[in-house]
Each structure stands twice: as C-alpha cells, then as structure tokens.
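Residue strings, one per chain:
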Amino acid sequence: MIHSPFCDSVSTKLISSSVGCNYADNSIFSSFSRLRLSRSKSRQKNSTKVREGKQITTRVQARHAGERVVEEKAIEMVEPSLQFKVSPGQAYPLGVSEIENGINFAIFSQHATSVTLCLSLPERRAHDFPDDDEMVEVILDPRVNRTGDIWHIHVEDLPRSNVLYGYHIDGPPAWHQGHRFDRSLLLIDPYAKFLEGRRIFGDVSNKMSKFFGTYDFSGLQFDWGNNYKIPNIPEFRILKISLTASHKDLVIYEMNVRAFTADESSGLDPNIRGSYLGLIDKIPHLLELGINAIELLPVFEYDEMELQRRPNPRDHMLNTWGYSTINFFAPMSRYASSAGGPLKASREFKEMVKALHGSGIEVILDVVYNHTNEADDANPYTTSFRGIDNKVYYMMDPNNQQLLNFSGCGNTLNCNHPVVMELILDSLRHWVLEYHVDGFRFDLASVLCRGTDGSPLSAPPLVRAIAKDDILSRCKIIAEPWDCGGLYLVGKFPNWDRWAEWNGKYRDDIRRYIKGDAGMKGSFASRVSGSADMYKVNKRKPSHSVNFVIAHDGFTLYDLVSYNQKKNDANGEGGNDGSNDNLSWNCGHEGETTDPQIKALRSRQMKNFHLALIVSQGTPMMFMGDEYGHTRYGNNNSYGHDDALNNFQWKQLESENDHFRFFSEVIKFRLAHHIFRQENFVGENEVTWHEKNWDNYESKFLAFTLHDSNGGDIYLAFNAHDYFVKVAIPSPPPKRQWFRVVDTNLMSPDDFVHDGVPGIGDSYNVAPYSSILLKAKV
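Residues numbered from 1 in each chain as written. Predicted model: local features only at pLDDT ≥ 70, side-chain atom pairs only at ≥ 80, totals over all residues. Heavy atoms only, no water.

### Some points on the pattern of salt bridges
- Under the criterion given, the structure shown has 37 salt bridges.
- For Arg-146, the salt bridge is made with Asp-149, and the minimal N-O distance between the two is 3.4 Å. (Salt bridge = Lys/Arg side-chain N within 4 Å of Asp/Glu carboxyl O.)

Next comes the structure, spelled out in structure tokens:
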C-alpha cells in the first residue's frame with residue numbers, strides 16, 4: 001500500500017502528482033513523494049483498510065482548495081520506503097523518454113477524465129510479473145499533467161531499465177457515445193517500444209499473462225558494423241529528397257519467422273528454433289533458392305494465446321500467423337532465443353536484419369494497421385487502445401456507436417484520424433530508423449482508404465503521407481488492396497506513383513489459365529506482360545504489380561494442384577472458415593495419392609505455375625515451403641496451427657531436391673536476364689505474340705517471344721490443353737540458334753538446363769499441361 005502526503009485523506013497505493021503540492025523549498029515544478037508499500041490484497045475503493053502504525057506528520061503546502069497545511073497519518077511499513085521526485089513532464093515525445101535525470105511518460109487520451117501511471121520496479125517484484133498490489137500508482141493531475149489531449153509526467157530517479165509500466169484510465173461511462181473506459185484494466189502504452197509478458201511461445205500454463213510496457217536506456221547502441229550497407233540501395237540516411245525504391249529486381253519470399261525453423265527437422269538447437277536467430281542460421285537456404293527479399297508475416301507483438309482466453313470452438317489453437325497486433329512498436333518478444341524476453345528480441349531482430357543485409361537480402365514487414373487484437377464488443381480483449389480512447393482509435397458506426405468491422409476481426413482502426421495517422425507514421429519510421437527494415441506490406445490496406453465513418457476516400461491522408469514521408473522514401477510500400485468490407489482497389493489503389501499492390505487479379509487469372517479454364521488466354525497474356533491494363537497509369541511501372549500465385553492464406557502450391565475443396569475441419573468452425581473459391585484443380589484425385597500419372601501431372605503443374613510467375617513482368621512473390629511442395633492437406637486457413645501444418649519441413653526439402661532445384665534455377669535465370677525485369681511496360685517492338693486467334697474461347701495455348709536488344713531473345717510457350725500441341729518455332733535472331741532451357745514435361749535434370757540444349761528445329765511438340773522456354777544463343 002502507498003500513503004501519499006499529497007492527498008487530502010489517507011489513500012492507499014496511490015501517489016498524486018499534483019504540482020500544487022510542494023515542499024517548503026517552494027520548488028514549484030517538483031514534488032517529493034515518500035512511498036510505502038505493503039502487499040495487502042485488499043483494494044476496496046476509497047476505504048481500503050490499513051493497520052495504523054507509528055504516527056508521522058508531514059507538512060505540505062497545497063494550492064488546490066486554497067493555501068493550507070495538511071497533516072496526515074502514515075501507515076505501517078512492511079518494506080523500506082521508496083522515494084521519487086516527480087514534475088509535470090512534457091507532452092512530447094509520446095511514450096517513454098529519458099530527460100533530466102529521470103523518465104518522462106506521455107500518453108494521448110482526448111476523452112479520459114483520469115489517468116494513473118502504474119509502475120513496477122525490479123527490486124519490488126516477487127515474481128517475473130507483478131501482481132496488482134505490487135504496482136506503484138501515480139495519479140496524474142489534469143490541471144498540471146495534461147497539455148491538450150496529452151497526459152504526461154516526469155519521474156526522477158527511476159531505474160533506466162527493467163521497469164514495467166502501464167496505465168489505468170477512466171472516462172465517461174457512455175457506450176452510446178462510443179466510449180469503452182474501464183479503470184480496472186491495466187493498459188499498454190501505444191508508444192511502448194518493448195512489451196514484457198509471457199516469454200515462451202504457446203506456454204499454456206501462462207496463457208492469461210498480462211502484457212506490460214517496458215523501456216531500456218541503459219544498453220549500448222547496436223553495432224551495425226563499419227561496412228554495413230542496405231542491399232542495392234544507398235547507405236541509409238535521411239534525405240530531404242525522395243529516393244524512390246525500385247521493385248523490379250526483387251524476388252520476394254513470404255515467410256513466417258517461427259514456422260521457418262520451429263520444426264525439429266530444422267536441426268537447430270531447441271533454444272533457437274522458431275526465433276530470429278534461427279532464421280539467420282537458414283540464410284544459406286534462402287541464398288541457394290535465389291530470392292533477394294523476405295516478407296515476414298507480422299513480427300509486431302501479438303498474443304498467440306488469445307484464442308484460448310475463453311471457451312470457444314477455436315480454443316484448441318494458437319495464433320501462429322500474428323495478424324492480431326497488440327502494439328505497433330515492439331518486436332514479437334517470443335521470437336527471442338532461449339525465452340530471452342523483449343530486449344533480447346529487439347537485439348536479435350537487429351542481428352537478423354544485419355545478417356540478411358550482409359547476404360544481400362532485403363527485409364519487408366507485413367504490417368497490420370487495419371485492426372488490433374482487441375476484438376469486438378461482444379467478446380473484447382482490452383489491452384490498450386479500446387480502454388485509452390476507443391472513440392478516437394476505432395471507427396464507430398455514427399448511427400449506434402458500435403464498432404465498425406471492415407477487417408473481419410471485430411474492429412477497424414481509425415487510420416485517417418490525425419492522432420491514429422501519426423501513430424502509424426511514427427511506428428513505420430521507428431522500424432526504419434531503429435531496425436533498418438526495407439519496406440512494408442500493408443494488410444487489408446483498403447482500410448487505410450476509409451474515413452473516420454468508414455466511407456471510402458479518394459485521396460486518403462494516411463496513404464499520401466506514407467508515400468511522401470522523407471524517412472520512408474527509401475522503402476518499398478506494398479498494399480493488399482482490399483478489405484473485408486468489399487472495398488476492392490486492385491489496380492486502383494491511391495498510389496502517388498509510389499505504392500505497389502498485391503495483384504489479386506494476377507493470382508486469379510494465372511490459376512485459371514494454368515489449370516485449363518477456357519477463355520483465359522488474353523488475360524494470361526496481360527498478366528505475364530505486366531498488367532498494363534491495370535497499372536499503366538501516370539508514372540506507375542510494371543514492378544508496382546506484386547505478382548503471386550500463392551500467399552500465406554489459401555492453399556499452398558502443392559494443395560492448389562491436389563485439392564478441389566478446402567479441408568478446414570481442424571480449425572473448429574465446421575469448415576465454414578477460409579475461402580470457398582480457390583480456383584484449384586486436383587489433377588484427377590482429391591488429396592494424397594500414389595498414382596504415378598497424377599503425381600507427375602501435379603509436379604508439372606507446380607513447375608508451370610512457378611515458371612509463369614518468375615518470367616512475368618512485375619515483382620514476383622512466392623511462399624515459404626512451395627520450393628519443396630509443402631502441404632497443409634487442404635487446409636486453406638491454417639492460422640491457428642503451431643505444428644507441421646505450417647512449419648517448414650526440412651527433411652522433405654532434402655527428399656524433394658529435384659523440385660527445389662527447378663524452382664531455384666528458374667529464379668536465378670530471371671535475375672540473370674534483364675528481359676524479365678523491364679523498367680517500363682513492354683512495347684510492340686519488345687514482344688511478339690505468336691497468336692492469331694485471341695477470340696478463340698476454347699484455345700488454351702499461348703506462345704510469345706521477348707526481344708532483347710543484344711539478340712538474346714526468349715521464346716515461351718504455355719500449353720494448358722490436355723493434349724500435345726505442335727507449335728511452329730519462329731526463326732531466331734541473326735547468327736543465333738534456339739537452345740531449350742526449360743521443358744516442364746521432362747524429368748530432372750532435363751526440365752531445366754542452364755546452358756540450354758541445342759538442336760531445336762522449326763517446330764516443337766509441347767506436352768499437355770506443360771511449358772517451355774527457349775533462349776537464342778550464338
């Protein structure tokens with residue numbers, strides 16, 4: 001319990017920060033608190049029972065209610081007293097900062113009527129995490145600790161690290177006005193740079209763990225190294241001019257930090273499986289595959305146990321994907337090695353980025369600014385924003401003040417509110433400045449294009465601000481241009497010539513053509529040539545189309561050619577979750593089979609998809625595990641499975657070496673030939689379409705030649721018929737002949753021959769469901 005000489009009556013466990021209470025030294029901007037702790041479990045509001053001990057009289061001058069002297073009784077001490085010196089502090093920067101021999105705390109809340117800072121000191125904690133009774137509470141006086149809508153206080157002599165903190169915030173009890181205040185809850189500072197909580201991923205014994213903000217001003221700066229450089233981009237510095245980051249040379253590998261090495265087959269020490277350090281250990285695999293950028297599924301702090309906090313049909317699962325953000329600044333602490341906690345996670349994240357950059361691999365983060373973990377009004381999981389100022393942080397229905405849900409997760413972040421917009425911008429800048437990341441993919445980015453009432457905006461302020469920001473100018477910025485409210489902006493996302501897009505139309509058209517749907521030849525040609533029908537606007541480039549066939553949600557590549565229907569019963573929702581429209585084809589049998597012909601056809605189809613992706617103009621993205629044919633056995637929404645369903649299977653990679661070899665060689669072939677990475681959209685002189693029957697609905701064969709100014713032309717043909725097509729091969733450039741590099745119908749190693757196989761005549765018999773690539777060489 002705390003006795004404070006700043007209160008008019010004995011109030012346990014609380015310290016008033018009112019600057020109006022001064023010592024006889026007349027220090028107007030400071031107050032000296034003598035805190036006394038006991039670990040009583042009693043918390044009766046305004047009437048907590050305490051055992052009186054030795055009488056202590058403290059003389060205090062108080063400015064409120066007139067100048068007067070107050071005499072109070074102190075309570076018996078169980079522990080030595082604590083001494084703090086507090087002053088009003090400053091409104092900026094938000095969060096925690098070190099100033100004037102102390103720590104400044106600042107938090108926004110426009111509608112709060114009271115704010116209490118809660119502190120846990122390392123020497124006062126009996127366990128790793130404090131009980132409520134072990135927290136020191138400091139009440140902020142709105143007359144002196146509030147500037148505008150920012151509440152702030154400066155506490156001197158606090159330790160420079162290992163202090164846990166949070167807030168109790170109260171306000172109008174008016175749900176009908178959009179407020180959701182609950183003073184009983186300990187709330188996380190939105191600007192906390194680290195979060196302390198459960199340290200072991202999926203620790204069921206600690207599934208109800210709270211999360212606390214923490215800080216560290218004692219550690220040494222991370223050593224990025226004298227020769228450290230960001231791959232393919234000038235060495236990092238803040239510029240007043242925009243450095244537009246190019247996408248055209250990227251090959252992106254979407255992946256999950258934990259799932260990449262969590263499986264025992266990774267061969268890693270158990271203490272680093274599923275960690276940032278574990279990823280470092282597998283960089284050689286990424287280099288062998290040939291990719292030069294990774295897109296990490298969310299690495300902001302999230303609660304993987306959120307599905308188990310109450311009984312529900314999904315309470316057997318863990319959130320392994322991470323699309324349920326608790327805080328936008330803190331790295332996921334349970335990705336640290338050896339359960340090392342938040343500071344270790346931060347350092348190891350930097351070590352990971354440094355190692356990837358040293359290997360020429362860029363780091364793009366999948367970021368979730370469309371919603372948070374706090375769910376809906378029916379089953380809220382209030383940890384921060386909802387309890388701080390729900391009406392500001394979330395979009396509300398103006399008719400009934402209920403949460404709007406354009407995310408499919410119960411709430412929608414109010415992205416274009418000025419306060420929320422600045423929070424998002426500060427978060428992005430933090431990840432660039434502190435962690436040196438190279439770009440961001442924005443989940444359900446159409447939410448960023450909605451106003452505070454949820455209506456679509458033609459020029460959303462946040463999207464523009466991200467595009468124009470100096471610090472973010474070197475970054476790749478990629479939109480997932482749709483949301484769960486039907487705002488589909490593929491090809492139309494507000495872009496200011498900066499934003500790239502996940503091209504969902506590319507995914508759909510490529511899937512339909514390769515599996516043999518009729519009437520798709522023209523669309524297939526448009527997609528592989530850069531989707532000029534969608535992106536040839538203003539100064540946009542082919543690279544603004546992020547092309548993909550497979551992503552984390554939906555079927556894996558193997559399942560795309562093995563299942564016609566999703567198999568999601570393991571998710572606990574009766575198979576009702578996940579998309580029903582997968583544009584897949586099982587090649588003649590649903591699921592696993594031993595039939596050699598079906599297995600051979602599936603192998604061809606996977607190679608066809610990969611070849612089409614990698615030779616397309618634009619920025620290709622593949623998904624982790626497709627390089628060996630990972631299966632989720634038809635589950636197309638596997639977010640809740642912390643097992644082999646999601647985890648990379650390293651032994652299978654070894655057994656599927658031929659499959660991996662083809663995928664790797666095709667990627668490296670792309671990077672060695674600029675013809676697939678055009679800066680501008682291909683013109684009439686740069687491509688010849690060997691096609692006269694564009695309107696033939698039944699035609700499923702397409703051939704074309706990409707022309708190279710140095711004579712190194714590339715001929716490609718894709719046959720989606722179920723029969724052989726004998727095609728006439730055009731003449732090669734002068735003094736050249738055609739060499740066969742790829743024929744997906746052939747077995748390894750003949751399916752890809754790096755130097756090519758000569759002797760190609762004036763025709764070629766292209767097998768059913770196969771594709772070929774020829775190169776003109778001397």
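### Here we look at the environment of Gly-683
- Mapped onto the fold, Gly-683 is located in the loop between helix H14 (657-672) and strand E24 (687-689).
- Owing to a relative accessible area of 26%, Gly-683 belongs among the partly exposed residues under this scheme.
- The spatial distance from the C-alpha of Gly-683 to the C-alpha of Ser-529 is 9.8 Å, given a sequence separation of 154 residues. (Helix = DSSP H or I, 4+ residues; strand = E, 2+ residues; numbered from the N terminus. Buried < 20%, exposed > 50% of the residue type's maximum accessible area, 1.4 Å probe, protein only.)

### Some points on the side chain of Lys-476
- Relative to the assigned elements, Lys-476 resides in strand E20 (residues 476-479).
- A distance of 2.9 Å separates a polar atom in the side chain of Lys-476 from a polar atom in the side chain of Glu-362. (Polar contact = N/O pair within 3.5 Å; in protein donor to acceptor, adjacent residues only side chain to side chain.)

### Digging into the pairing of strand E17 (residues 293-296)
- Here E17 shows two buried faces, one formed by Ala-293 and Glu-295 and the other by Ile-294 and Leu-296.
- Where strand E16 (residues 252-255) and E17 come together, four bridges link them in parallel fashion. If you follow Ile-252 over to E17, its bridge partner there is Ala-293. (Pairing = 2+ DSSP bridges.)

### A word on the pairing of strand E19 (residues 439-442)
- Alternating positions in E19 separate into two faces, Gly-439 and Arg-441 on one and Phe-440 and Phe-442 on the other, with burial throughout.
- Examined bridge by bridge, strand E18 (residues 362-367) and E19 share four bridges and lie parallel to one another. Each bridged residue has a counterpart across the sheet, and for Ile-364 the counterpart in E19 is Gly-439.
- The pairing of E19 with E20 spans four bridges and is parallel. Within E20, the residue paired with Gly-439 across the bridge is Lys-476.

### Looking at the sheet that holds E24
- Read from one edge to the other, the open sheet built from six strands follows the order E24-E25-E26-E31-E28-E29, with strand pairing classed as antiparallel. The open sheet has two edge strands with one neighbour each: E24 and strand E29 (752-757). The average undirected angle you get between the axes of adjacent strands in this sheet is 15°.
- Pairing of strand E28 (residues 737-743) with E29, which is carried by two bridges, proceeds in the antiparallel orientation. Residue pairing in the sheet places Val-742 in a bridge with Phe-752 of E29. (Axes fitted to C-alpha atoms, helices over the stretch in contact; angles between N-to-C directions.)

### Describing the nonpolar core
- Of all hydrophobic cores here, the largest spans 175 residues; its most connected members are Phe-105, Tyr-253, Ile-294, Leu-365, Phe-440 and Phe-442.
- Tallying contributions element by element places helix H12 (residues 596-615) first for this core, with nine residues.
- Dropping the residues within four chain positions of it, Ile-294 is found in contact with Tyr-253, Met-255, Leu-279, Leu-286, Leu-356, Ile-361, Glu-362, Val-363 and Ile-364.
- The next biggest cluster of nonpolar side chains, apart from the first, holds 17 residues, and it includes Trp-502, Tyr-535, Phe-548 and Met-621. (Core = buried A, V, L, I, M, F, W, Y, C linked by side-chain atoms within 4.5 Å. Contact = heavy atoms within 4.5 Å.)

### What about the packing of helix H5 (residues 385-393) against helix H6 (residues 418-433)?
- As a packed pair, H5 and H6 sit with axes 10 Å apart at the nearest point and diverge in direction by 120°. When the axis of H5 is compared with that of H6, the two are oblique. The segment H5 lies against H6, with Phe-385, Val-392 and Tyr-393 engaging Val-419, Val-420 and Leu-423.
- Residue classes in the contact of H5 with H6 are distributed as six nonpolar, no polar and no charged. (Parallel < 35°, antiparallel > 145°, perpendicular 65-115°, else oblique. Nonpolar A, V, L, I, M, F, W, Y, C, P; charged D, E, K, R; others polar.)

### As for unusual backbone geometry
- Looking along the chain, the bond that leaves Tyr-92 and enters Pro-93 is cis, with omega of 0°.
- Here Pro-93 shows up in the loop between strand E6 (82-87) and strand E7 (95-99).
- Going from Ser-748 to Pro-749, the amide bond is cis rather than trans, its omega being 10°.
- Along the chain, Pro-749 turns up in the loop between E28 and E29.
- Phi is positive for His-436, which is not a glycine, with a value near 65°.
- Looking at the element boundaries, His-436 is found in the loop between H6 and E19.
- In this structure, Cys-587 takes a positive phi of about 65° despite not being glycine.
- Here Cys-587 is to be found in the loop between helix H11 (557-560) and H12.
- Exposure remark for Cys-587: the relative accessible area of 5% places this residue in the buried category.

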